[in-house]
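So you can see what is in the structure, the chains are spelled out below.
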Amino acid sequence: MSSPKFIPVNEPLLNGNEEKYLIQCIRTGWISSEGPFIKKFEEQFAQRVGRKHAVAVSNGSMALDAAVVALGIGAGDEVILPTFTIISCAAAVVRAGAIPVVVDCDPATWNTDADRIEQRITSRTKAIMVVHIYGLPTEMAPVLELAHKHGLSIIEDAAEMHGQTCDVRPCGSFGKISTYSLYPNKHVTTGEGGMLVMDDETLAEKCRSLRNLCFKPEKRFVHDELGWNLRMTNLQAALGVAQLERLEEFVNIKRRMGARYTELLRATKGIQLPLPRTDWAENIYWVYGIVLDDDVPFDAVEAMARLAKAGIGARPFFWPMHEQPVFTKTGMFAGERYPNAERIARRGFYLPSGLALSDDQIERSAAAVRDLLR
Ligand SMILES: Cc1ncc(COP(=O)(O)O)c(C=O)c1O
């Protein structure tokens, strides 16, 4: 008998109108960023999250770079963000010449909160970069209050939060600028891609300009500012339109996946599972993360190696910003410790969580985790 196939950590679902819309692009010749799917995708995306404008870009990382620059954040300004996040968040702040000030996360939700953020506010703070982690959003009401009280902008990184809400309001509706990733492990994908959403027309224009090398309409090759080429292609937007049509269905698939994993792993001793809900949201399980208890005699690296041997793909949790060699070698974050983030970075990993995951694959993955902890 042949051994069962390896279960990849992610596989997207592309069996709606994706092919049909891509064929339209090819038949009409609209393959660059000028095509009609871009406008359609931006309009539909903005509408879904209740924003006036959406600007499609090449990926979620550069969406953050553009957001920081568009808000006029630069040399000497401080931006508060969670240490438990992807490098893109701190990189965008550093590349703008500003200073990333990091805060720890909550051990149960893996998100940060207003109390932790408030402790780091100084006269130099310009913005709070909120990052919603793995499927549960940060509680936004107290963060909005804090930002209002101190006159700070919020950059909301909703990369992992397509279709999620916080206190009934869509994630992505809270930031002065909110951003998304459209990488294939997201609930909505364009292959590679990102989105910025906002209500302010001037900010939207600024983001459109930054996306397109800051060309001036009146004198094309003369530049007053530097931008990037962050343009999304019509091919990518065609995928995006097809994916958005199924967002509710995708959220339901992920919620069913999360509930099934929890059912299969609830009784297993030695692991912390994701919270199914908080007072402000129901988990959408961007990924199904688990954290090994301190008394388990191996860490996430060892657990993932054993799972790989059993044919199960897994990925480590984020590595905290204050422990990134690229920053610490410059003296940044010297002496700072954030025990919750440090612990989950070493003991946390996530299981196969893609939209194409079958019930059988969920059962096999959960069984392999139970075997690990026997
Ligand atoms: C929270 C968060 N922010 C930003 C990004 C970066 O997005 P991208 O991979 O599209 O550059 C990711 C990617 O997974 C993410 O999870």
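In this convention, every chain numbers its residues from 1, walking through the sequence in written order. Residue-level local features of this predicted model are given only where pLDDT is at least 70; pairs of side-chain atoms are given and counted only at 80 or more, and the full residue set underlies all totals for whole chains, interfaces and linings. For side-chain calculations, the full set of non-hydrogen atoms in the structure is used, while hydrogens and water are omitted.

1. As for the overall build of the chain
Note the threshold: Helix and strand assignments come from DSSP, with helices taken as H or I runs of at least 4 residues and strands as E runs of at least 2, each series counted from the N terminus. Atoms counted for the radius of gyration: C-alpha only. Globule rule: 2.2 Å times the number of residues to the power 0.38. Under the scheme applied here, a residue whose accessible area is under 20% of the maximum for its type counts as buried, over 50% as exposed, and between as partly exposed, the area being computed with a 1.4 Å probe on protein chains only. Throughout, a residue-residue contact means that at least one pair of heavy atoms, one from each residue, lies within 4.5 Å. Values of accessible area rely on a 1.4 Å probe in the Shrake-Rupley scheme; residue burial ignores everything except the protein chains shown. Within this scheme the basic residues Lys and Arg register as positive and the acidic residues Asp and Glu register as negative, but His and the chain ends are omitted. The location of each charge is read from NZ of Lys, CZ of Arg, CG of Asp or CD of Glu.
Each helix and strand in the chain was counted, giving 13 helices and 13 strands. Against the globule reference of 21 Å for 374 residues, the chain gives a C-alpha radius of gyration of 21 Å, in line with a compact fold. Summarising its shape, the C-alpha atoms of the chain cover approximately 70 × 55 × 40 Å along the three principal directions. Expressed as a percentage of its 374 residues, the buried residues of the chain come to 55%. Summarising the internal contacts of the chain: among those between residues at least 6 apart in sequence, 71% fall at separations of at least 24. By element, 53% of the accessible surface of the chain is carried by carbon and sulfur atoms, the whole surface being about 16,600 Å². With 43 positive and 46 negative side-chain charges, the chain shows a spacing of 4 Å between the two charge centroids.

2. Here's the deal with the side chain of E156
What counts, and what does not: One speaks of a salt bridge when a side-chain nitrogen belonging to Lys or Arg is within 4 Å of a carboxyl oxygen belonging to Asp or Glu. Each polar contact in these results corresponds to two N or O atoms within 3.5 Å; when the atoms are within protein, one needs to be able to donate a hydrogen and the other to accept it, and residues that are neighboring in sequence are counted only if both atoms are side-chain atoms.
Looking at the secondary structure, you find E156 in strand β5 (residues 153-157). The side chain of E156 is buried and forms no salt bridge, while R51, the nearest opposite charge, is found at 5.0 Å. A distance of 2.9 Å separates a polar atom in the side chain of E156 from the backbone nitrogen of G172. In this structure, E156 is in contact with V130, H132, C171, G172, S173, F174, G175, I177, S178 and T179, ignoring residues within four places of it in sequence.

3. Describing unusual backbone geometry
Positive phi outside glycine occurs at W110, with the angle close to 70 degrees. Mapped onto the secondary structure, W110 falls in the loop between β3 (99-103) and α5 (114-118). Phi is positive for Y134, which is not a glycine, with a value near 65 degrees. As for its placement among the helices and strands, Y134 is situated in the loop between β4 (125-131) and α6 (140-150).

4. Remarks on the site of the ligand
Here is the rule we go by: It suffices for a single heavy atom of a residue to lie within 4 Å of a molecule or strand for the residue to be listed as near it. Residues are grouped as follows: Ala, Val, Leu, Ile, Met, Phe, Trp, Tyr, Cys and Pro are nonpolar; Asp, Glu, Lys and Arg are charged; all remaining types, including Gly, are polar.
Around the ligand sit 13 residues, and of these S61, D157, E160, S181 and K186 come closest. In the environment of the ligand, an oxygen atom lies 2.7 Å from a nitrogen or oxygen atom belonging to the side chain of S181. Bound to the protein, the ligand loses 91% of the 390 Å² it would expose on its own. Along the lines of polarity and charge, the residues of the shell around the ligand split into four nonpolar, six polar and three charged.

5. With respect to the sheet that holds strand β11 (residues 288-292)
Note the following rule: A pair of strands is considered paired only if DSSP assigns at least 2 bridges between the two. Fitted lines through C-alpha atoms give the axes, limited to the stretch in contact for helices. The angle between two N-to-C directions lies from 0 to 180 degrees.
Here four strands make up an open sheet; going across it, the order is β10-β11-β13-β12 and the pairing antiparallel. Both edges of this open sheet fall to β10 (271-272) and β12 (315-316), since each of them pairs with a single strand only. Inspection of the sheet shows β12 paired to strand β13 (residues 348-351) by two bridges, in the antiparallel sense. Considered in β13, the bridge of R315 is made with Y350. Of the strands in this sheet, β11, β12 and β13 are in contact with helix α10 (residues 300-309), which crosses β13 at around 25 degrees.

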